[in-house]
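# Overview (structure and organization)
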Number of protein chains: 2
Amino acid sequence: MKKLINSPDDVVADALAGIAVAHPSLAVDAKNRVITRAAQTRIGKVALVSGGGSGHEPLHGGFVGLGMLDAACPGEVFTSPVPGQMLAAAQSVDAGAGVLFVVKNYTGDVLNFQMAAELAVDEGIAVETVLVDDDVAVQDSTWTAGRRGTGATLFVEKMVGAAAERGASLAEAAAIGRRVNAASRSFAVALTSCTTPAAGRPGFELPEDEIEVGVGIHGEPGRSREKIRPAREIVADAMAAILDDLPPAPGDEVVLLVNGLGATPLLELYIVVGEVASVLAARDVRIARSLVGNYVTSLDMAGVSITLCRADQELLDLWDAPVDTPALRWGV
Amino acid sequence: MKKLINSPDDVVADALAGIAVAHPSLAVDAKNRVITRAAQTRIGKVALVSGGGSGHEPLHGGFVGLGMLDAACPGEVFTSPVPGQMLAAAQSVDAGAGVLFVVKNYTGDVLNFQMAAELAVDEGIAVETVLVDDDVAVQDSTWTAGRRGTGATLFVEKMVGAAAERGASLAEAAAIGRRVNAASRSFAVALTSCTTPAAGRPGFELPEDEIEVGVGIHGEPGRSREKIRPAREIVADAMAAILDDLPPAPGDEVVLLVNGLGATPLLELYIVVGEVASVLAARDVRIARSLVGNYVTSLDMAGVSITLCRADQELLDLWDAPVDTPALRWGV
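Residues numbered from 1 in each chain as written. Chains lettered and ligands numbered in written order. Predicted model: local features only at pLDDT ≥ 70, side-chain atom pairs only at ≥ 80, totals over all residues. Heavy atoms only, no water.

## Some remarks on the side chain of E57(A)
Structurally, E57(A) can be placed in the loop between strand 3 (47-54) and strand 4 (71-77). Within the local environment of E57(A), its side chain forms a polar contact with the backbone nitrogen of G55(A), the two atoms lying 2.9 Å apart. If we ignore the near neighbours within four places in the chain, the residues touching E57(A) are Y295(A), T297(A), L266(B) and L267(B). (Helix = DSSP H or I, 4+ residues; strand = E, 2+ residues; numbered from the N terminus. Polar contact = N/O pair within 3.5 Å; in protein donor to acceptor, adjacent residues only side chain to side chain. Contact = heavy atoms within 4.5 Å.)

See the structure below:
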């Protein structure tokens with residue numbers, strides 16, 4: 001294993017030190033492992049808190065800032081943060097209007113955020129939770145009961161973040177988050193495995209000519225292992241899985257995320273975008289907005305995930321609202 | 001080789017189709033292989049044109065937009081674009097104030113841009129060229145006489161782009177570009193090789209426990225092949241090479257780019273940022289601005305490049321000026 005790290009034990013602490021240097025708009029609480037905006041939450045604004053295992057950067061720390069999260073809690077690599085972190089985050093950013101937890105559907109995250117919610121309520125903080133479970137590949141998985149939460153997390157955090165800036169109440173923000181999640185579907189394909197610093201070897205073995213179709217963001221098994229094929233065919237299968245489950249009507253508009261899993265060249269992601277566009281055009285579905293790049297990654301995994309959110313004008317307005325975070329920035 | 005492509009011959013054309021879908025702010029001339037802003041150049045503004053082999057995305061197409069480039073010419077993967085492309089780009093974006101070519105120092109690019117400049121002058125277009133040669137690793141290289149052009153290209157395109165928006169003349173814009181290049185130094189380390197679609201196998205072989213120190217963005221050899229070591233030691237060596245060559249005085253300010261070569265997790269890039277900051281703090285050099293992510297890539301190469309630009313207030317102002325491109329966006 002070759003990685004740009006000092007030691008497997010120090011990965012998260014060292015990365016947090018770098019985040020503090022790279023992003024003056026953020027405040028890093030190294031002791032509690034909480035990333036917040038440098039500016040305090042505006043009094044009366046619902047505060048958004050998310051978190052999860054490290055290794056998916058820029059998720060979640062890179063989404064902290066105006067129009068998205070108020071705080072992020074990074075766990076160890078591919079390991080849920082602990083309730084104490086989440087409570088510290090909630091206490092740090094609550095501004096009287098309550099805290100919304102955005103939680104990807106992995107059993108560890110779900111249990112820990114649930115415990116943190118109870119602790120926060122005990123401290124007098126109102127809490128709502130939005131569970132993200134957009135990955136249509138499989139029903140249950142290695143660390144998940146139900147569907148896994150992946151790329152739609154970005155959509156939820158962006159759109160709910162915009163709603164919170166506009167003054168949505170805690171209940172309204174939670175309702176929007178659930179609506180975004182319900183309108184979103186994802187599917188991922190891996191060309192290679194990924195290697196955690198602690199393990200030092202790939203999480204699974206993938207032969208030189210095979211791909212994992214429907215992979216999870218920690219390398220969880222997908223639907224099938226198949227031979228590598230042209231991008232057009234890989235995308236057609238992924239889109240069929242998404243569209244069968246969503247399914248959009250002709251004339252519908254979607255927000256599209258073509259997301260690199262960490263080691264895929266942007267050149268290839270653009271090829272995927274082109275193929276996705278062809279599939280959607282044939283169904284008379286319009287790409288209203290799109291985003292391409294590495295946003296919800298799996299360390300050094302080569303591969304791509306595709307996420308669609310069927311969006312009405314309200315969701316598009318929330319998407320277009322100003323955002324000023326390390327990973328997403330527009331309108332400011 | 002596993003890649004998300006349809007065929008090696010179609011990579012650039014297919015990627016251009018995706019770029020057109022993903023970025024409505026751009027116009028893609030698929031026939032001439034020229035990417036321009038969707039909006040025409042403002043009359044009287046110097047037009048910036050760059051280009052080079054594909055495989056370094058988002059460079060250069062991702063830097064087309066307000067405050068940076070007016071046009072980019074993508075060649076085949078790791079292959080210079082041809083003079084006809086560059087001429088078409090110059091003709092498309094010239095708005096009467098002339099065209100500035102930003103050229104990375106590779107022999108093919110230099111010769112082709114030189115020929116394009118002659119063709120453009122024949123067409124009545126004033127042309128200046130800024131050559132970028134910031135990589136301190138080696139003097140000559142596989143495809144280069146002199147130093148290679150790498151990460152500082154981003155600094156040149158950003159700062160000259162801002163100057164052009166503010167009304168700099170062609171000569172003034174070229175002078176700023178040369179000043180930025182002269183103030184910038186880069187050094188890169190590869191953990192893995194990269195594989196072009198056409199070759200289908202890695203450009204060089206790197207054993208499982210070795211790194212290429214001083215690598216070029218096409219996998220050109222560096223200064224030495226060494227055993228993998230902690231990030232702190234790798235960064236110390238890279239920074240020594242940069243700082244010995246620059247060298248900044250105590251109290252100087254720099255713009256820092258920590259750039260992933262394509263397959264390195266952002267988590268690791270943040271660790272590098274932290275180590276760079278420690279080295280600079282010990283020299284009393286201040287990081288005035290920083291950028292971390294994949295900006296000047298080498299397909300699927302794992303590794304990192306570090307670029308410093310010693311910046312006075314004028315260059316910092318140009319850095320801070322509004323930019324609205326697919327890969328860099330702030331102040332708008």
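## Things to note about helix 2 (residues 83-93) of chain A
Residue and element names in this part refer to chain A. Most of helix 2 is tucked away: eight of the eleven residues are buried. Within helix 2 the residues assigned to the buried category are P83, Q85, M86, L87, A88, A89, A90 and V93. For helix 2, the elements touching its buried residues are strand 2 (34-37), strand 3, strand 4, strand 5 (99-104) and helix 3 (107-122). (Buried < 20%, exposed > 50% of the residue type's maximum accessible area, 1.4 Å probe, protein only.)

## A closer look at the relation of the copies chain A and chain B
Superposing chain A onto chain B takes a rotation of 180° combined with a translation of 0.0 Å along the rotation axis, leaving an RMSD of 0.0 Å. Both copies are brought into coincidence by an operation consistent with a two-fold rotation axis. For chain A, the minimum C-alpha distance to the rotation axis belongs to A263(A) and amounts to 1.9 Å. (Least-squares fit on C-alpha atoms with pLDDT ≥ 70 in both.)

## Re the sheet that holds strand 12 (residues 303-310) of chain A
Residue and element names in this part refer to chain A. Taken together, six strands build an open sheet; the order of strands is 9-8-7-12-10-11 and the sheet is mixed. The strands lining the two open edges of the sheet, one partner per strand, are strand 9 (224-227) and strand 11 (286-293). Averaged over all pairs of adjacent strands, the angle between their axes in this sheet comes to 20°, without regard to strand direction. By the bridge criterion, seven bridges tie strand 10 (residues 253-260) to strand 12 in an arrangement that is antiparallel. By the bridge assignment for strand 12, V255 is matched with C309. Each of strand 7 (184-190) and strand 12 is contacted by helix 5 (residues 170-182), which is oriented at about 50° to strand 7, the strand it contacts most. (Pairing = 2+ DSSP bridges. Axes fitted to C-alpha atoms, helices over the stretch in contact; angles between N-to-C directions.)

## Quick notes on the domain arrangement of chain A
Residues and elements named next belong to chain A. Once the domains are mapped, chain A shows domain 1 (11-178) and domain 2 (184-330). On the domain 2 side, the residues contacting the 42 residues of domain 1 number 46 residues. Carbon and sulfur atoms make up 70% of the surface buried where domain 1 meets domain 2, a total of about 3500 Å² over both sides. Counting the contacts that link domain 1 with domain 2 gives one salt bridge. (Domains from an automatic or database assignment. Buried area = accessible area lost by both parts, 1.4 Å probe. Salt bridge = Lys/Arg side-chain N within 4 Å of Asp/Glu carboxyl O.)

## A look at the confidence of the model for chain A
Low pLDDT marks stretches whose predicted atomic positions should not be read closely. Per-residue pLDDT for chain A averages 97, and the proportion of residues at 70 or more is 100%. Confidence estimates for the predicted assembly give a pTM of 0.98 and an ipTM of 0.98. (pLDDT = per-residue confidence, 0-100.)

## With respect to the layout of surface pockets
It is a probe the size of a water molecule, rolled over the atoms, that shows where empty space is left. Volume-wise, the second largest pocket comes out at about 1200 Å³. Forming the boundary of the second largest pocket are 41 residues, of which T192(A), D300(A), T192(B), S193(B) and D300(B) lie nearest the centre. Split into classes, the residues belonging to the lining of the second largest pocket amount to 18 nonpolar, ten polar and 13 charged. (1 Å grid on protein atoms, 1.4 Å probe; cavity = no way out; pocket = protein on both sides within 12 Å on 5 of 7 lines; lining within 4 Å. Points joined across faces, edges and corners; volume = space filled by probe spheres on them. Nonpolar A, V, L, I, M, F, W, Y, C, P; charged D, E, K, R; others polar.)

## Quick notes on the sheet that holds strand 7 (residues 184-190) of chain B
All names here are of chain B. With respect to topology, six strands assemble into an open sheet ordered 9-8-7-12-10-11, the strand pairing being mixed. The outermost strands of the open sheet, each flanked by one partner alone, are strand 9 (224-227) and strand 11 (286-293). When the angles between neighbouring strand axes are averaged without regard to direction, this sheet yields 20°. Across the sheet, helix 7 (residues 266-282) lies against strand 10 (253-260), strand 11 and strand 12 (303-310), angled at about 155° from strand 10, the strand it touches most.

## What to know about the environment of A15(B)
Along the polypeptide, A15(B) turns up in helix 1 (residues 11-22). Residues A15(B) and I5(B), ten residues apart in the sequence, show an inter-C-alpha distance of 9.0 Å. Those residues within four positions of A15(B) in sequence are excluded, and the remaining contacts are L267(A), Y270(A) and I271(A).

## What about the packing of helix 6 (residues 231-245) of chain A against helix 7 (residues 266-282) of chain A?
Residue and element names in this part refer to chain A. At a closest axis distance of 9 Å, the pairing of helix 6 and helix 7 adopts a crossing angle of 50°. One way to sum up the angle between helix 6 and helix 7 is to call them oblique. Between helix 6 and helix 7 lies a crossing of right-handed hand. Here helix 6 contributes A231, R232, V235, M239 and L243 to the contact with helix 7, which in turn contributes I271, V272, E275, V276, V279 and L280. In terms of residue class, the contact of helix 6 with helix 7 is made up of nine nonpolar, no polar and two charged. (Parallel < 35°, antiparallel > 145°, perpendicular 65-115°, else oblique. Left-handed = near helix turned anticlockwise from the far one by under 90°.)

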